[in-house]
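Below are the chains, spelled out letter by letter.
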Amino acid sequence: MRWWDIDPVLELEKELFPEDAWSRGMFWSELAHSRGPEATRRYLVAEAEGRIAGYAGLVASGGQGDVQTIAVARALWGSGLGARLLTELLRAATAFECTEVMLECRVDNIRAQKLYERFGFAPIGVRRGYYQPGNVDALVMRLSDPSASVQGTEIHG
């Protein structure tokens, strides 16, 4: 993801997450930490037909990765794009030498939970009222050894 992707990403963000969409400033802040030798973030976008079709982001620190966001345009749900984005985040976690990856997922987002489980993420707890303003709980999930989840997987861009 680059700075010029922020406006189209925000459009998709607001469509998919109307109650708790990230702000422009949040994306700028994340991108500020995604370049150079001290980078701790990896943000990507996927395009289809010349438009942003999905995006994803990861933070890495102290051997732990944290999936910050994964979003796919509704028209492409079920296409495998979410799995491809997650694969790339796990590749990034491996490059950052993360030994585990964490994430939070809305408890009512069963589709996402199934995706994460396919990659080996396991539930480890709940954060009550995590998603605001809707006061929706988050399921906390962990993946041990992200490198094992992407071995033998080929993604071409």
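Read on for an overview of the structure. The numbering scheme is per chain: residues are counted from 1 as the chain's sequence reads. The predicted nature of this model means local features are confined to residues of pLDDT at least 70 and side-chain atom pairs, given and counted, to a pLDDT of 80 or more, with totals for whole chains, interfaces and linings taken over all residues. For the side-chain quantities, the full set of heavy atoms in the structure was used; hydrogens and water were omitted.

For salt bridges, the criterion is a side-chain nitrogen of Lys or Arg within 4 Å of an Asp or Glu carboxyl oxygen. Applying the stated criterion to the full structure yields nine salt bridges. Here Arg106 makes a salt bridge to Asp108, at a shortest N to O gap of 3.0 Å. Working definition: with a 1.4 Å probe on protein chains only, accessible area under 20% of the residue-type maximum means buried, over 50% means exposed, and in between means partly exposed. Asp108 gets classed as partly exposed once you look at its relative accessible area, which sits at 49%. The network of salt bridges with common partners includes Asp20, Arg106 and Asp108.

Secondary structure elements follow DSSP: runs of H or I of four or more residues count as helices, runs of E of two or more count as strands, with numbering from the N terminus. Those residues of helix α1 (residues 6–16) that sit buried are Ile6, Val9, Leu10, Leu12, Glu13 and Leu16. Buried residues of α1 fall within an arc of 165 degrees about the axis and therefore sit on the same side. Across from the buried face of α1, at angles greater than 90 degrees, the exposed residues are Glu11 and Lys14. Contacts are assigned to residue pairs that have any heavy atoms within 4.5 Å of one another. Contacts from the buried residues of α1 go to α2 (24–32), β1 (41–48), β2 (51–61) and β3 (64–72). To be clear, the arc concerns the directions from the helix axis to the C-beta atoms.

What follows concerns the packing of aromatic side chains. Working definition: a ring pair exists when centres of Phe, Tyr or Trp rings (six-membered ring for Trp) sit within 6.5 Å. Plane angles under 30 degrees give stacked, over 60 give edge-to-face, the rest tilted. Counting across every chain of the model gives six aromatic pairs. With a centroid separation of 5.0 Å and 85 degrees between ring planes, the pair formed by Tyr130 and Tyr131 is classed as edge-to-face. Using a relative accessible area of 38% as the deciding quantity, one classes Tyr130 as partly exposed. Here a set of aromatic residues connected by ring pairs shows up, and it is made of Trp22, Phe27, Tyr43 and Tyr55. Charge-over-ring contacts are defined here by two conditions on Lys NZ or Arg CZ: a distance within 6 Å of the ring centre and an angle within 35 degrees of the ring normal. Lying over the aromatic face of Tyr131, Arg106 brings its terminal NZ or CZ to 5.7 Å of the ring centre.

Another point: the state of the cysteines. Criterion for a disulfide: a pair of cysteine sulfur atoms at a distance within 2.5 Å. Taken as a whole and assessed by the stated rule, the structure comprises zero disulfides. The thiol of Cys98 is unpaired, and the distance to the nearest cysteine sulfur, on Cys105, comes to 20 Å. Judged by its relative accessible area of 8%, Cys98 falls in the buried class.

Glancing now at the sheet that holds β3. Two strands form a pair only when DSSP identifies at least two bridges running between them. Taken in spatial order, the six strands make up an open sheet running β1-β2-β3-β4-β6-β5, and their pairing is mixed. The two strands at the open ends of the sheet, each matched to only one other strand, are β1 and β5 (122–131). Each strand axis lies, on average, 25 degrees off the axis of its neighbour in the sheet, ignoring direction. Sheet topology note: the β1/β2 ladder contains eight bridges and is antiparallel. If you follow Ala48 over to β2, its bridge partner there is Arg51. Note on geometry: axes are lines fitted to C-alpha atoms, helical ones only across the stretch in contact, with angles between N-to-C directions running from 0 to 180 degrees.

Further remarks concern the environment of Arg142. Topologically, Arg142 is positioned in strand β6 (residues 136–144). Here the alpha-carbon distance between Arg142 and Ala95, two residues 47 residues apart in the chain, equals 18 Å. With sequence-adjacent residues up to four places away left out, Arg142 is seen in contact with Glu100, Val101, Met102, Gly120, Phe121, Ala122 and Ile124.

Attention now goes to the side chain of Glu104. Looking at the secondary structure, you find Glu104 in strand β4 (residues 100–106). You can call Glu104 buried: its relative accessible area is 17%. Any pair of N or O atoms that falls within 3.5 Å is considered a polar contact. Within protein, one atom must be able to donate a hydrogen and the other to accept it, and sequence-neighbouring residues count only if both atoms are side-chain atoms. Of the polar contacts made by the side chain of Glu104, one reaches the side chain of Arg127; its length is 3.3 Å. When residues no more than four places from it in sequence are discounted, the contact partners of Glu104 are Asp66, Arg127, Tyr130, Tyr131, Ala138, Leu139 and Val140.

Take the buried residues of types Ala, Val, Leu, Ile, Met, Phe, Trp, Tyr and Cys, join any two whose side-chain atoms come within 4.5 Å, and each joined set is a nonpolar core. If you look at the biggest cluster of nonpolar residues, it comprises 29 residues, and the most contacted ones within it are Val67, Ile70, Leu85, Leu86, Tyr116 and Phe121. When contributions to this core are tallied by element, the ones reaching two or more residues are β1, β2, β3, α3 (81–95), β4, α4 (110–118) and β6. Among the elements that make up this core, the one with the highest residue count is α3 (eight residues). Residues Met1, Phe27, Tyr43 and Ala71 belong to the second largest nonpolar core, which totals 14 residues.

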